[in-house]
Protein chains: 4
Amino acid sequence: MQLNMKTNEAQDLCFVFSGAGNAKCKVAIVMCRSSSDAGRNRHGQHSMILVPMDTAGVKLIRPLTVFGHDDAIHGGHFEVHFENVRVPASNMILGEGRGFEIAQRRLGPGRLHHCMRAVGLAEQALELLCQRAASRQTFGKNLYQHEVIAHWIAECRLMIEQTRLLTLSAAHALDTLGSRAARKQIAMIKVAAARMASKVVDCAIQVHGGAGVSDDFPLAQMYSYARTLRIADGPDEVHLSTIAILELNDQLKQARARL
Amino acid sequence: MQLNMKTNEAQDLCFVFSGAGNAKCKVAIVMCRSSSDAGRNRHGQHSMILVPMDTAGVKLIRPLTVFGHDDAIHGGHFEVHFENVRVPASNMILGEGRGFEIAQRRLGPGRLHHCMRAVGLAEQALELLCQRAASRQTFGKNLYQHEVIAHWIAECRLMIEQTRLLTLSAAHALDTLGSRAARKQIAMIKVAAARMASKVVDCAIQVHGGAGVSDDFPLAQMYSYARTLRIADGPDEVHLSTIAILELNDQLKQARARL
Amino acid sequence: MQLNMKTNEAQDLCFVFSGAGNAKCKVAIVMCRSSSDAGRNRHGQHSMILVPMDTAGVKLIRPLTVFGHDDAIHGGHFEVHFENVRVPASNMILGEGRGFEIAQRRLGPGRLHHCMRAVGLAEQALELLCQRAASRQTFGKNLYQHEVIAHWIAECRLMIEQTRLLTLSAAHALDTLGSRAARKQIAMIKVAAARMASKVVDCAIQVHGGAGVSDDFPLAQMYSYARTLRIADGPDEVHLSTIAILELNDQLKQARARL
Amino acid sequence: MQLNMKTNEAQDLCFVFSGAGNAKCKVAIVMCRSSSDAGRNRHGQHSMILVPMDTAGVKLIRPLTVFGHDDAIHGGHFEVHFENVRVPASNMILGEGRGFEIAQRRLGPGRLHHCMRAVGLAEQALELLCQRAASRQTFGKNLYQHEVIAHWIAECRLMIEQTRLLTLSAAHALDTLGSRAARKQIAMIKVAAARMASKVVDCAIQVHGGAGVSDDFPLAQMYSYARTLRIADGPDEVHLSTIAILELNDQLKQARARL
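Residues numbered from 1 in each chain as written. Chains lettered and ligands numbered in written order. Predicted model: local features only at pLDDT ≥ 70, side-chain atom pairs only at ≥ 80, totals over all residues. Heavy atoms only, no water.

Student: What exactly am I supposed to notice about the overall build of chain A here?
Tutor: In terms of regular secondary structure, chain A is built from six helices and eight strands. Seen through its C-alpha atoms, chain A measures out along the principal axes to roughly 70 × 60 × 30 Å. For chain A, the computed accessible surface area is about 12,200 Å², with 54% contributed by carbon and sulfur atoms. Within chain A, the 24 negative side-chain charges are centred at a point lying 5 Å from the centre of the 30 positive side-chain charges. (Helix = DSSP H or I, 4+ residues; strand = E, 2+ residues; numbered from the N terminus. Areas by Shrake-Rupley, 256 points an atom, 1.4 Å probe, with all protein chains shown as cover. Lys, Arg positive; Asp, Glu negative; His and termini not counted. Charge placed at Lys NZ, Arg CZ, Asp CG, Glu CD.)

Student: Sorry, what's going on with the relation of the copies chain C and chain A here?
Tutor: The second copy of the chain is related to the first by a rotation about an axis and a shift along the axis. Expressed as a screw operation, the relation of chain C to chain A combines 0.0 Å of axial shift with a rotation of 180 degrees, fitting to an RMSD of 0.0 Å. Put plainly, the chains are arranged around a two-fold axis. A share of 100% of the interface residues of chain C reappears at the interface of chain A, consistent with the copies meeting face to face through the same patch. (Least-squares fit on C-alpha atoms with pLDDT ≥ 70 in both. Contact = heavy atoms within 4.5 Å.)

Student: How should the interface of chain C and chain A be read in this particular structure?
Tutor: Interface extent is often summarised as the accessible area lost during association of the parts. Listed per partner, the contact involves five residues of chain C and five residues of chain A. Interface of chain C and chain A: buried area, both sides summed, is about 440 Å²; carbon and sulfur atoms make up 47% of it. The largest per-residue losses of area from chain C upon contact with chain A belong to C:His146, C:Glu147 and C:Val148, which jointly make up 85% of the total buried on that side. In this assembly, chain C and chain A are joined by zero salt bridges. At the junction of chain C and chain A, the tally comes to five residue pairs in polar contact (both at pLDDT 80 or more). Looking at the side of chain C that touches chain A, its residues break down into two nonpolar, two polar and one charged. (Buried area = accessible area lost by both parts, 1.4 Å probe. Salt bridge = Lys/Arg side-chain N within 4 Å of Asp/Glu carboxyl O. Polar contact = N/O pair within 3.5 Å; in protein donor to acceptor, adjacent residues only side chain to side chain. Nonpolar A, V, L, I, M, F, W, Y, C, P; charged D, E, K, R; others polar.)

Student: When you look at the interface of chain D and chain C in this model, what are you seeing that I'm missing?
Tutor: Opposite the 39 residues of chain D that make contact, chain C presents 39 residues. If you sort the residues of chain D by the area they bury against chain C, D:Phe67, D:Gln206 and D:Val213 come out on top, with a joint share of 19%. There are six salt bridges connecting chain D and chain C. Of the charged contacts, one joins D:Asp216 and C:Arg62 as a salt bridge, the two residues approaching to 2.6 Å between their closest N and O atoms. For the side of chain D that touches chain C, the secondary-structure elements that each account for two or more residues are β5 (58-64), α2 (147-177), α3 (183-208), α4 (210-213), α5 (219-229) and α6 (236-258) of chain D.

Student: I tried to follow the packing of helix α3 (residues 183-208) of chain A against α2(D) on my own but got confused; where do I start?
Tutor: Working note: a packed helix pair is described by the angle between its axes plus the distance between those axes. It is at 10 Å that the axes of α3(A) and α2(D) come closest, and there the two elements cross at 85 degrees. Regarding the angle of α3(A) to α2(D), the classification is roughly perpendicular. On α2(D), the residues touching A:Lys184, A:Gln185, A:Met188, A:Val191, A:Ala192 and A:Arg195 of α3(A) are D:Glu155, D:Arg157, D:Leu158, D:Glu161 and D:Gln162. Residue composition of the contact of α3(A) with α2(D), by class: four nonpolar, two polar and five charged. (Axes fitted to C-alpha atoms, helices over the stretch in contact; angles between N-to-C directions. Parallel < 35°, antiparallel > 145°, perpendicular 65-115°, else oblique.)

Student: How do you make sense of the pattern of salt bridges when you look at a structure like this?
Tutor: Inspection of the entire model under this criterion finds 72 salt bridges over all chains. B:Lys59 serves as the salt-bridge partner of B:Glu83, at 3.5 Å between the closest nitrogen and oxygen. Pair noted here: B:Glu83 is in the loop between β6 (77-82) and α1 (99-135) and B:Lys59 is in strand β5 (residues 58-64), with a separation of 24 residues, a long-range link. B:Lys59 sits in the partly exposed class, given a relative accessible area of 41%. Between D:Asp250 and D:Lys184 there is a salt bridge, and its shortest N-O distance comes to 2.7 Å. Of this pair, D:Asp250 sits in helix α6 while D:Lys184 sits in helix α3, and the two are 66 residues apart along the sequence. (Buried < 20%, exposed > 50% of the residue type's maximum accessible area, 1.4 Å probe, protein only.)

Student: Is there a simple way to think about the packing of aromatic side chains in this case?
Tutor: The description of an aromatic ring pair uses the distance of the two centres, along with the angle that the planes make with each other. Counted under the stated rule, the structure contains ten aromatic pairs over all chains. One aromatic cluster is present, built from ring pairs that chain together A:Phe67, A:Tyr223, B:Phe67 and B:Tyr223. Over the ring of D:Tyr223 we find C:Arg227; its NZ or CZ atom is 5.9 Å from the centre of that ring. (Phe/Tyr/Trp six-rings, centres within 6.5 Å; stacked < 30°, edge-to-face > 60°. Lys NZ or Arg CZ within 6 Å of the ring centre and 35° of its normal.)

Student: Please explain the pairing of strand β4 (residues 46-52) of chain C as it appears in this structure.
Tutor: A regular strand places its side chains so that they alternate between the two faces of the sheet. Residues and elements named next belong to chain C. Burial of β4 is extensive: five of the seven residues sit out of reach of the surface. In this sheet, β4 lies alongside strand β3 (residues 27-33) in antiparallel orientation, the contact comprising seven bridges. Pairing of Val-30 across the sheet is with Ile-49, part of β4. (Pairing = 2+ DSSP bridges.)

Student: Would you take a moment to explain a nonpolar patch on the surface for this structure?
Tutor: On the surface, A:Val27, A:Ile29 and A:Leu50 cluster together into a nonpolar patch covering about 190 Å² of accessible area. Looking at the element boundaries, A:Leu50 is found in strand β4 (residues 46-52). (Patch = residues over 30% accessible without salt bridge, like charges linked within 9 Å, V, L, I, M, F, W, Y side chains within 5 Å.)

Student: What am I meant to see in the UniProt feature "domain: Acyl-CoA dehydrogenase/oxidase C-terminal" (unreviewed entry) in chain A here?
Tutor: This chain's UniProt record puts "domain: Acyl-CoA dehydrogenase/oxidase C-terminal" (unreviewed entry) on residues 97-244 of chain A. Annotated as residues 97-244 of chain A, this span is 80% helix and 3% strand, and its ends, taken at the C-alpha atoms, are 27 Å apart. (UniProt positions renumbered as here; feature names shortened; annotations may be inferred.)

Student: Please clarify how helix α2 (residues 147-177) of chain B should be interpreted in this entry.
Tutor: Note on helix geometry: an α-helix contains 3.6 residues per turn, so any two residues three or four positions apart are oriented the same way. Spanning 31 residues, α2(B) covers 44 Å between terminal C-alpha atoms, matching the ideal 45 Å at 1.5 Å per step. Counting buried residues in α2(B) gives 23 out of 31 residues, a clear majority hidden from the surface. (Expected span 1.5 Å × (residues − 1).)

Student: What's the story with the pairing of strand β2 (residues 14-18) of chain C in this structure? I'm lost.
Tutor: Residue and element names in this part refer to chain C. The element β2 is largely enclosed, with a buried count of five among its five residues. Burial along β2 is two-sided: Cys-14, Val-16 and Ser-18 facing one way and Phe-15 and Phe-17 facing the other are all buried. Looking at chain direction, β2 and strand β6 (residues 77-82) are connected through five bridges and run antiparallel. If you follow Phe-15 over to β6, its bridge partner there is Val-80.

Student: Please explain the relation of the copies chain D and chain C as it appears in this structure.
Tutor: Of the transformation placing chain D onto chain C, the axial shift is 0.0 Å and the rotation is 180 degrees, giving an RMSD of 0.1 Å. When the interface residues of chain D are mapped onto chain C, 100% of them are again interface residues, pointing to one common binding face.

Student: Where do I start with the state of the cysteines in this structure?
Tutor: Among covalent bonds in proteins, the disulfide is the one between the sulfur atoms of two cysteines. All names here are of chain A. Per the stated rule, a full pass over the model turns up zero disulfides over all chains. Just so you know, Cys-115 is unpaired, no disulfide at all, and the nearest cysteine sulfur is the one on Cys-156, 18 Å from it. Judged by its relative accessible area of 3%, Cys-115 falls in the buried class. (Disulfide = S-S within 2.5 Å.)

Student: Please clarify how the environment of D:Gly108 should be interpreted in this entry.
Tutor: Note that D:Gly108 resides in helix α1 (residues 99-135). Excluding anything up to four places from it in sequence, D:Gly108 contacts D:Leu174 and D:Ile186.

Student: Would you explain the confidence of the model for chain A in this entry?
Tutor: Interpretation of this model should avoid reading the predicted coordinates in detail wherever pLDDT is low. On average, residues of chain A carry a pLDDT of 89, and 93% of them reach 70 or more. Here the predicted complex scores 0.92 on pTM and 0.90 on ipTM. (pLDDT = per-residue confidence, 0-100.)

Student: What's the story with the side chain of B:His151 in this structure? I'm lost.
Tutor: One can find B:His151 in helix α2. Within the local environment of B:His151, its side chain forms a polar contact with the side chain of C:Ser241, the two groups lying 3.0 Å apart. When residues no more than four places from it in sequence are discounted, the contact partners of B:His151 are C:Glu237, C:Leu240, C:Ser241 and D:Val148.

Student: What's the story with the side chain of B:Glu147 in this structure? I'm lost.
Tutor: Topologically, B:Glu147 is positioned in helix α2. The buried charged residue B:Glu147 lacks any salt bridge, with D:Lys141 as its nearest oppositely charged partner at 5.3 Å. With near-sequence residues (within four places) excluded, B:Glu147 lies in contact with C:Ser241, D:His146, D:Glu147, D:Val148 and D:Ile149.

Student: Explain the packing of helix α6 (residues 236-258) of chain B against helix α1 (residues 99-135) of chain C here, please?
Tutor: α1(C) packs onto α6(B) with a crossing angle of 100 degrees between their chain directions and a minimal axis gap of 10 Å. In terms of orientation, α6(B) lies roughly perpendicular with respect to α1(C). When α6(B) is examined against α1(C), the residues B:Glu247, B:Leu248, B:Gln251 and B:Arg258 are found in contact with a partner set consisting of C:Leu126, C:Glu127, C:Cys130 and C:Gln131.

Student: How do you make sense of unusual backbone geometry when you look at a structure like this?
Tutor: Phi is mostly negative for residues that are not glycine, and the peptide bonds are mostly trans. One non-glycine residue, C:Asn84, lies in the positive phi region at around 50 degrees. Among the secondary structure elements, C:Asn84 is positioned in the loop between β6 and α1.

This is how it looks when you write it as C-alpha cells:
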C-alpha cells in the first residue's frame, strides 16, 4: 500500500490511501513530518513509518472514486483519518528524517515504470486507431484516407517514438548514474509520457466516434487513466519547475566551464 | 427521443438511441434512407419516420456506457435493432426525402443549445478553479500566486469570452438570417465550444489535483461530458470541413465582387 | 514619437525610440520615474515629460533592426542616450506622478487599434491562403482539396471570427465604460489578436511553400510584424497576469454577491 | 548548387536555385521529367542532369529573398529560366529515370544533417534564453523566477532532448539499415526538428523582448531560418502523410504476424 494523492490538508492526519479497502491490506507506509527542528533542512524533517491498519485510531472514512470508478478491484482509494495513532519507534524505516531520501530513491524507478506503461498503453491505442481507420468508411473513403486522420496517425507515432526514446534514455541514466543524477531525465519523461498518452488516446477516441467513449473499446478507460497520470506522482507542473532549476544549474556549470 | 451516435453500420438497421431505456420512451424518430433513386440528389434520399417502440421487430439489445456511466437517469443509451419493422406511411414526417431538411432546421438550434450549455459548464469549472486557487497553498504560496496557474485562469477567461461572443453571434445569425445562412457560424461555434469546455475543465482538474478526478467535485463528470461534445452532433472534423467549403465559397464571391 | 521597447536597463537613461531617426522627429515623450518618494504609491512615481530632440545631452547612439529590417521608412528604431538632460518643469505633461494615468488612458485605444490592424492583416493572409489553395495543385489535387489544408482554412476563419468579436466587444466596453472598466477586455484582446495573427499568417506561408517566405507575397513581412505584436505594448505574459488578477477579483465579487 | 523550392510551376522550366548568384557556381544539378512513358512507374520518369550554368538558354531572372534577406553571402536564391537548353546525354547522372533513386539516397542524410543543425541551433537559443533569464529582472524578480518562464525553460529542454534522441535514432537506422528502411524515422525527425527549433527560438525571443527581434542577438535570424525548415526538403505535411502510410503498413504486418 502506498501514500497517495492528498485531497485535504486542513487536518494534518487525513490521507487518501490507494488500496486501503482491500482485505489483504495490513500495513500503511506513512510519510509525515517527524520533526520541525529548524536546525534540520527542509528535506530532513520527514520520516517514513510503518503503521499496521489495525492500530487504534486508524479510521477508514470513505471510498473515493476516480472519474466515477471506485477501482475496487485494487482495493479502492480511501480517505483515512489518523487520530492519536501511536506505533513503536522501531517502525520508522531507515531512520528519522530520511523519508525524502527513501522517496527519492524509490520514486525514480516508480515514475519510470508508469512511463513505460504509458508507452504501452499508447501503442495499444494507436493500434486500435489504425484498425478502425482501416475498417470504417465515411463519405465514401476509408477513414485512414482522410488526410486529417492520416496525419493523426503520423503525429501519434511521432509522439510515441520520442517518448519511448526518452524513457529508454532515462532508464539508462537511472541504471548507470543513479537516482540523483537521473532526476532531470525522470522529471522530463514523467511530463512527456502522461501528455503523450492523453493525446494518443484522445485521437483514438475521436476516430472511433461514439464507440470510442463506450465500453466496447478500452479507450474510455484509458482516457481517464491517462488523465490521472498528469496528476499522480506529483502534478506535471512540479516536475516542470524541477527541470527548470536543474537546467539552469547545468547551463551555469557549462558557462563556467567555458570561462 | 432522438437518433444518436451510430456505433455499428454493418447492419443497416442497428442504431444507438439515447433515452431508449426510459420507461416513458414510447416513440423513436428514425432517420433512414427511404429511397435510393439515383434521380434524387444525395440530400433527398432520407426521411424521418415515427416508430412506436412497441412496434413488432424493434428490439432493445443492450445498454451502452459513456465513459463507464450508463446515464440511466436519462434512460441510458441503447443499442436497438430493427428487424422487418413496418409502420403506416402516415408516420413519415413532413414528406418523403425531407429528412435532411428537418435535420438541418432542427440541428442548428440544437447545436447552439449544446454550445450555450458548454459555456455555462465552463463558467462553473472556472469558478471552481478560482475558488480552489484562492483557498489552497503549495510551496508556501496560494495556488493563484503561482504564475502558471494565474495564466491558466487568464487563458480560461479568454477562451470562455471568445466562445460566448461567437455563440451570441451565431444565435443572432440564426434568429435573423435563418438556419441556412447561419450554417458557417453554427459549425464554428460547435467546434469552438466543445474544445473550449474540454480545455477549461482540464485546467480546473489540474488545479484540484487528486480531488479533481474524485466525486468530491463535478469536474470529473464534466470532463467526460465535454469530451463527448467533440463527437456528438457530428465529430468536429465534419464541421471543420463544412466551414472550409463555406469559407472558400465566400472568398470566391468576394473575389468576384471585387472584379 | 513614442517611448518604446526598452532593451537595456543597466543605464537608467538609455531608451529605444521608434521614429527617432526621422528628420521630422523633433520631440520625445519620455516616461520616467520622477520621484522615489516612498509616500507615493507605485503608480504615482512616474511622469511624462516633453524632451526636444535637440536638447543638450540627447544622443542618438545607433539604429536597431526588427527581424533584420531597419523600418527606416518610419524613421527607424534608435538607441538613444540621455546624459544630464534638463528641460523646463513646464514640459511635464498633466502633472507630476501622472505618467501612468496618461499611459493607461492612451494605451487602451492604442492597443485596440493594433488589434484591429491584426484582424485586417489576418483577413488578408487568409484571402491569400484561399487564393493559393484554389489555384495550385499537388499530388493531383487542388491544395484546398487536401483535407489538412481545408481544416487550416476553417481554423483560421474560426480564430479570426472569435478575435473580431472580442475586438468589437472590447471597443464597445472602452467606448461605453471607459479605459479602466475595459482593462480586462483590452488585455484579453491584446493577447488573442497577436496570437491569432501569427497563427493565420503561419498557415498562409505554409500553403505558399517557398513563395510564402519570398518577397513575391507580403506574408514574410506579415510574419515578422505579427511576431512583434506579442512583445509590443507589453509582452503577452504581462497581460495574462493582469487578466488573472482582474478575473480573481471579479470571481470574489460574485462570490460575495451570492452570500 | 542544388535544386530548391519551386515557386512557379506554370512554366515547366522555371526553377529557384539556391546559390545561383555565387560567382563560383558553374554547374546546376537539374531534376526533371525525362520521360512520360506510361509504361514506367511514377518514380521512374525523372532524371538528374548536369547543366553548366553557361549553357545557352540558361537565364538568371531575378534574386529571391527569404524573409527579406537575399542570403547573398551564399550566392542567394535565383529564379532561373531554361529555354531550349541542350546538354550532352552523358550529362545524365547514374542513368535515365533514376532521379528519384538518387534523391532518396541523398535526401535521407541531407535531411538528417538539417535536423542536427536544428538541434544545435535550439541549444544555442536555449543557452541565450537562460542567460537572459538569469541576468534580467522584471517586477522585482529575475526572469527565471517567473514560473511561466521557468516552465518555458523546462519545455524547451524537454523538446530538445526528445528531438536529439530521435535524431540519433534516425541516424543509427540510416547507418545500419539504409535509406529505405530509415524512411519513417527520417520523415519523423524532419517534422519534429523543424517544429522544435521554431518553438525554442520563439520562447527565447519572448524572454528577450524587443532585443530578441533586434540584431543584438542572433534570435531574429534563427527565427526565420527555423521557419523555412518547415518548408524546405518538402513541407512537413508531405512527410506526415509518408509516416502515416508507413505506419499503417507496419501495423498491417504486425496484425498479420499475430494471426
